[in-house]
Amino acid sequence: MDAHDSTHEKDTAPVKNVTVLETGTCDIEAPSAPCAIVVIGACGDLARRKLVRALYRLFCNGGLPLDFFIVGADIPEKTSEGYRNLIKESLRDLGGEEVSEEAWRNFSSQLHYCTIDPETGSPYALLADFLSDTFKKREMPANRLFYLAVPPDRYVDIIGDLGKASLASEYDGFNGWSRVVIEKPFGHDLASAQQLNNSVQEFFREDQIFRIDHYLAKETVQNILMFRFANAIFEPVWNRRYIDHVQIMAAETLGVEHRAVYYEHAGVLRDMFQNHMLQLLAMIAMEPPSIFEADRVRDERIKVFRSLRPFPVDQLDDSLVLGQYAAGRGPKGEMPAYCDEPQVDNDSLTPTFAMAKVWVDNWRWHGVPFYLCSGKRMTEKITEITIQFKEVPYLMFRKVLPETIQPNILSIRIQPNERITMAFQAKSPGAKICLQPVTMDFHYASIHEGNLLDAYETVILDCLLGDHTLFVRQEGVELCWSFLSPILEACETCDNRRQALHLYRAGTWGPPRVDELMNRDGRTWHAAR
Ligand code: BG6
């Protein structure tokens, strides 16, 4: 809004022309219930770069409810007109987005802005009035989705202010549901995560809370469950009898960018491991739920977190490699060292890379190591999960083929060039008995033309539909912190912190120490090499 917007009457009229969202053969049958989507932190980076684009694309493809409006809420003073201009610019800057005049006119007529003044006793009272008026005028149920696109240190205050303005209430004052979407990080360690959860739950029940891990919303990550549980041939071998080890690699080419203030306190373990890496591990390691329902799926992921073997913090060197990028060269030229990035301390000991050997102590996985690796400024952007199977039990070809043969390897490429590849041995054509490793490849592009749904589109869609499958439950957050907090404490308080941080050149695959550790285990990295 501005609540004082002169175009208020016209602006709050519902928009009617929506098309059906086509995602291959998986069309969305029923759009979600009418609602207001409130983006808090509307002028910030996340809102402008990711959310509005996702909302616009959903709108163009019929993924938003038939009757909806969007309110951008933030501290800078703005009119709704000013906000619309900001969003139009952001969509243009993002490129690749066709902003047709007609679609933009319809979309922007549903965009409003509300200035938040945190200095007043009730910063969200104006927003509450605007929502209440608009719901009445449009005769729509008072369903509200609040997306917190703000730095995590503002979560508690904002949730409290929403609560005090009765915006969290359901069917009491406002006649409709109220949901809140919270981005990671959920806390800085176990204690702060528990504190945050308590504050949120003072106003929102667990089923009103949507904690995002955007990796879970990636199409290829969701497919892990279909691949494992909708096919008969993989589950029988998906265990310690047949699997030698699992590698999970999330390599990025980007450096810390403009996020140093956050990253300096987070580092790669909090930024990638506490959430994305452990969630990927859970998708690979979990048992089949009895039915594909949010809580049943989340129960199974949580059981994996409960089975994580406590990390050997007294022998960190055997199971963990931490690194930080030094200056290097990439395809776009010279890249500065992490310590020389803007707003980074010159003596920073923040890790930008980590490789950890993790064990899941249960019947299925006992004795199978999971190698988790993630870093910034690596050679390529690749997220890939590799399952290496055991060698054949008996090599009947040993007389003609003295060398050992490469075991089967299943690679699940999460991004980019999404695909699944199975490597196996085949006879090389010819009179002599020779084997050669070959692959069977499935590329997503071969069954789907056009873009896959972006993770943020999926997240918004599921929040609107009230589906929690891809979101993280409080217990899950706390279990991940319980696993990670002792590691963080050991790393951050050890005497040889500097020596334990291995430098690697920007644009490489990380510190050589990683290969030493893998070689000692008789293994090598497949993903991304
Ligand atoms: C975010 C991290 O959660 O995930 C970032 O905070 C990281 O540091 C990003 O770059 C990676 O996400 P994606 O989808 O680009 O692999």
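Residues numbered from 1 in each chain as written. Predicted model: local features only at pLDDT ≥ 70, side-chain atom pairs only at ≥ 80, totals over all residues. Heavy atoms only, no water.

## Re the sheet that holds strand β1 (residues 35–40)
Where we set the bar: Note on pairing: DSSP must find at least two bridges between two strands before they are called paired. Helical segments are the DSSP runs of H or I of at least four residues, strand segments are the runs of E of at least two, and each set is numbered from the N terminus. Axis lines are fitted to C-alpha atoms, over the contacting stretch for helices. Their N-to-C directions set the angle, which ranges from 0 to 180 degrees.
The sheet built from six strands is open, its strands ordered β3-β2-β1-β4-β5-β6 with parallel pairing. Where the open sheet ends on each side, the last strands, each with one partner, are β3 (111–115) and β6 (209–211). For this sheet the average axis-to-axis angle between neighbouring strands, irrespective of direction, equals 20°. Of the strand pairs in this sheet, strand β2 (residues 68–74) and β3 are connected by five bridges, and their pairing is parallel. Bridged to Val71 within β3 is His112.

## A look at the packing of helix α9 (residues 260–285) against helix α13 (residues 474–493)
In a packed pair of helices, the relevant descriptors are the angle between the two axes and the axis-to-axis distance. As a reminder of what qualifies: Here is the rule for handedness: rotate from the far helix to the near one, and if that takes an anticlockwise turn smaller than a right angle the crossing is left-handed, while a clockwise turn gives right-handed. By definition, residues are in contact when any of their heavy atoms lie within 4.5 Å. Amino acids are sorted into nonpolar (Ala, Val, Leu, Ile, Met, Phe, Trp, Tyr, Cys and Pro), charged (Asp, Glu, Lys and Arg) and polar (every other residue, Gly among them).
Between α9 and α13, whose axes approach to 10 Å, the crossing angle comes to 145°. Crossing handedness for the pair α9 and α13: right-handed. Contacts from Leu269, Arg270, Phe273, Gln274 and Leu278 in α9 reach Val477, Cys480, Trp481, Phe483, Leu484, Ile487, Leu488 and Glu492 in α13. Per-class residue counts for the contact of α9 with α13 are 10 nonpolar, one polar and two charged.

## Observations regarding the packing of aromatic side chains
To be explicit about the condition: In summary, the pairing rule links any two rings of Phe, Tyr or Trp, Trp by its six-membered ring, whose centres are within 6.5 Å, and it sorts them by plane angle into stacked for under 30 degrees, edge-to-face for over 60 and tilted for everything else. Here's how the labels work: a residue is buried when its accessible area is under 20% of the maximum for its type, exposed when over 50%, partly exposed in between, all with a 1.4 Å probe on protein chains only.
Applying the stated criterion across every chain, the model contains 18 aromatic pairs. Relative to Phe107, the ring of Tyr56 lies with its centre 5.2 Å away and its plane at 75°, an arrangement referred to as edge-to-face. One end of the pair, Tyr56, is in helix α2 (residues 45–60); the other, Phe107, is in helix α4 (residues 101–108), with 51 residues separating them in the sequence. Overall, the relative accessible area of 1% leaves Tyr56 in the buried class. When its relative accessible area of 0% is taken as the criterion, Phe107 is described as buried. For the pair Tyr325 and Tyr338, a centre-to-centre distance of 5.7 Å together with 80° between the ring planes defines the contact as edge-to-face. Note that Tyr325 is positioned in strand β8 (residues 320–326) and Tyr338 in the loop between β10 (333–335) and β11 (353–359), a separation of 13 residues in sequence.

## Notes on the site of the ligand
Convention followed: Any residue with at least one heavy atom within 4 Å of a molecule or strand is counted as near it. Polar contacts, as used here, are pairs of N or O atoms within 3.5 Å; protein pairs need one atom able to donate a hydrogen and one able to accept it. Residues neighboring in sequence count only if both atoms are side-chain atoms. Reported accessibility uses the Shrake-Rupley method at a 1.4 Å probe radius. Residues are deemed covered only where the shown protein chains occlude them.
In the neighbourhood of the ligand, the contacting residues comprise Lys184, His214, Tyr215, Lys218, Glu252, Arg259, Asp271, His276, Lys376, Lys381 and Gln415. For the ligand, an oxygen atom lies 2.8 Å from a polar atom in the side chain of His214. Side-chain polar atom of Gln415 to an oxygen atom of the ligand: 2.7 Å apart, as the coordinates give it. Against a free-state accessible area of 400 Å², the protein chains account for coverage of 81% of the ligand. Classifying every residue of the shell around the ligand gives one nonpolar, three polar and seven charged.

## What to know about the sheet that holds strand β15 (residues 419–427)
Strand order in the open sheet formed by nine strands is β16-β15-β14-β13-β7-β12-β11-β8-β17, and the pairing between neighbours is mixed. What marks the edges here is a single partner per strand, and that holds for β16 (435–443) and β17 (501–505). Geometrically, the sheet is characterised by an average inter-axis angle of 20° between neighbouring strands, direction not taken into account. Taken together, the four bridges between β8 and β11 define a ladder with antiparallel strand orientation. Note on β11: the bridge partner recorded for Leu322 is Ala354.

## What about the packing of helix α10 (residues 294–307) against α13?
Quick note on the threshold: With respect to orientation, any angle under 35 degrees is reported as roughly parallel, any angle over 145 as roughly antiparallel, any angle of 65 to 115 as roughly perpendicular, and every other angle as oblique.
Across the interface, α10 lies against α13 with an axial gap of 9 Å and an inter-helix angle of 20°. With respect to α13, the axis of α10 lies roughly parallel. Here α10 runs over α13; the crossing is left-handed. Contacts between α10 and α13 involve Ile302, Phe305 and Arg306 on the former and, on the latter, Glu475, Gly476, Leu479 and Cys480. Partitioned by chemical class, the residues of the contact of α10 with α13 number four nonpolar, one polar and two charged.

## Focus: the pattern of salt bridges
Inclusion rule: Salt bridges are defined by distance alone: a side-chain nitrogen of Lys or Arg within 4 Å of a carboxyl oxygen of Asp or Glu.
In this structure the tally under the stated criterion is 28 salt bridges. Of the charged contacts, one joins Asp67 and Arg138 as a salt bridge, the two residues approaching to 2.7 Å between their closest N and O atoms. With Asp67 in the loop between α2 and β2 and Arg138 in helix α5 (residues 125–138), the pair connects residues that are 71 residues apart, well separated along the chain. What makes Arg138 buried here is its relative accessible area of 8%. A salt bridge links Glu384 to Arg413, with the shortest nitrogen-to-oxygen separation between them at 2.5 Å. Residue Glu384 is found in strand β13 (residues 382–389), and its partner Arg413 is found in strand β14 (residues 409–415); the two are separated by 29 residues along the sequence. This pair shows no difference in class: Glu384 is buried, exactly as Arg413 is. Shared partners join several salt bridges into a network, and the residues in it are Asp295, Arg296, Arg298, Asp299 and Arg473.

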